[in-house]
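Report on the structure
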Amino acid sequence: MMFVAFLLCLSAGTILAEDPYLFFDWKVTYGTISPLGVPQQGILINGQFPGPTINCTSNNNIIVNVFNQLDEPFLLTWAGIQQRKNSWMDGTLGTMCPILPGRNFTYKLQVKDQIGTYFYFPTTAFHRAAGGLGMIQVQSRDLIPIPYDRPADEFAVLLGDWYNKGHKTLKKTLDSGHTIGLPDGIQINGKSGKVGDNAAEPLATMEPGKTYKYRICNVGLRISVNFRFQGHIMKLVEIEGSHPVQNAYDSLDLHVGQCLAVLVTADQAPKDYYFVASSRFSKIQLTSVAIIRYANGKGPHPLSSHHHLLNMLPALPARPNPQGTYHYGKINITRTIKLANFRGAHDGKLRFGINGVSHQNPSTPLKIAEYFGKPDLAFINYDLLKDEPPKEISTSVVTGSVVVNATFRNFVEIIFENQEKTIQTWHLDGHSFFAVAIEHGKWSPEKRKNYNLLDAVSRNTVQVYPNSWAAILTTLDNAGMWNLRSEMAERAYLGQQLYFSVLSPGRSTRDEYNIPPNHQLCGRLLDIPKSELPQSPPYA
């Protein structure tokens, strides 16, 4: 359910129009889904999998009232939405208490100065493996030009790897100290198709001669995906809120957690064509297809052979484009943080981590404990993770609440080192960053001469190939508690994540909002008498 309202404020005799509000009511329930043809328990939003698409415009205020009708706590995060001054609504376990069964919570978001393609997903338990996810489409305002003609229509495509085992079974496997292994297949908008199954409902229907936008996100748990449109060229027009140079591609790689948008023109014979998604950088070959139909088309394209589809070559990464925001390459770096991912064990159980440390979520959200001046309640140790990995990372893991103090508005260089044999994807909440280099081998200060300091794409995820490193530059100018995590769900669940605590020195509401009145308390905070908590908002 959704409706739009324009709120008016009366101030000193003047009526001021706020940015538009969009209101949603979502009921979260279990339901039977079969993404790979095997029935299993899924998580539905208003009876849907994938969940409802949020279609909004830059600067819109979005109010989402979530009713949790599951039998366990539930929480949603909004990957890529920066939540300016408002990590309270970020939906991670470090910032919010989960919504208890039978209860509801109202998220209040604003897509401030953002456009682009993003998605939401659950952060509780291992719910991401069961659904509860959907697309967020942030359109440009009408007054702001976009660097291409407006398409005839647009289509949301959520794809990614999938496991036939249920989410509770997968969670139990991880909790017992074992890996969940490789996935069973690839789903495309909650379904999987095979070449020759022409009776399936089409993913999209296009009219000859018209151009369409496809917004595509990899919402899987583990595997990079290559996608292509049979017989059609794609023009890449957006990557996580940035407009790149509009190069044409036969196919594109999309790593876990990443989103982009392409234009496709219906310029071929009016028949059915395949949208193809297949695994990349994986030990196993997985493929799924969906039908792209021409209106009044006449059956499948004659070249729809399995062999032809599987042998379309992957494209090279997109070349970036000057964003015209500011000259990030001329700003002095104030801090370098080098992060090395690793695999180890704690008490004989599998763990993942960063710089020898594996994160564990305490029962008390980190942000709430810090806000009330009681970081000990969340076992916060700001010195647990160092800015450099140890020379030798032990396979015996140190665990704890991994929070890194960050200076407000500092320009930071973060180096991701991946000396493992599998590809990694990293995501930073609350910010975008410039991915200035991705190279094989190990990073050293001399590598800075290879940085792209002119026209890197501003985005919120970056991939790091096996035995390689990646460098990003960002300004930590959004006060709050922000999650930096592996987008590989197994790795994040077992500790490959941390939080940046970005505090405004002025402790002012100009930089960060006070805790919202509807925010729930939980964990060890429930044992503290209310008289011992601040009686007035800490930020003025």
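Our subject in this report is the structure included herewith.

The rules behind the values
Residues numbered from 1 in each chain as written. Predicted model: local features only at pLDDT ≥ 70, side-chain atom pairs only at ≥ 80, totals over all residues. Heavy atoms only, no water. Buried < 20%, exposed > 50% of the residue type's maximum accessible area, 1.4 Å probe, protein only. Helix = DSSP H or I, 4+ residues; strand = E, 2+ residues; numbered from the N terminus. Pairing = 2+ DSSP bridges. Disulfide = S-S within 2.5 Å.

Our focus in this paragraph is the pairing of strand β15 (residues 211-218). Counted residue by residue, β15 has 7 buried out of 8 residues, so it is predominantly covered. When strand β12 (residues 153-162) meets β15, the two strands line up parallel, connected through 7 bridges. From the neighbouring strand, aspartate 153 faces β15, where its bridge partner is tyrosine 212. Bridging between β15 and strand β20 (residues 259-265) involves 7 bridges; their strand directions are antiparallel. By the bridge assignment, threonine 211 is partnered in β20 with threonine 265.

Using the criterion set out here, one finds 2 disulfides in the structure. For cysteine 97, the disulfide goes to cysteine 522, at an S-S distance of 2.1 Å. Its S-S torsion of about -90° marks the bond between cysteine 97 and cysteine 522 as left-handed, since a negative value means left-handed. Here cysteine 97, found in the loop between β8 (76-79) and β9 (104-110), pairs with cysteine 522, found in the segment after β35 (497-503); they are 425 residues apart in sequence, far enough to count as distant. By relative accessible area, cysteine 97 is classed as buried at 7%. Among the residues examined, cysteine 522 registers a relative accessible area of 14% and is labelled buried. The disulfide that involves cysteine 217 links it to cysteine 259, with 2.1 Å between the sulfurs.

All we've got here are geometric facts, nothing functional implied.
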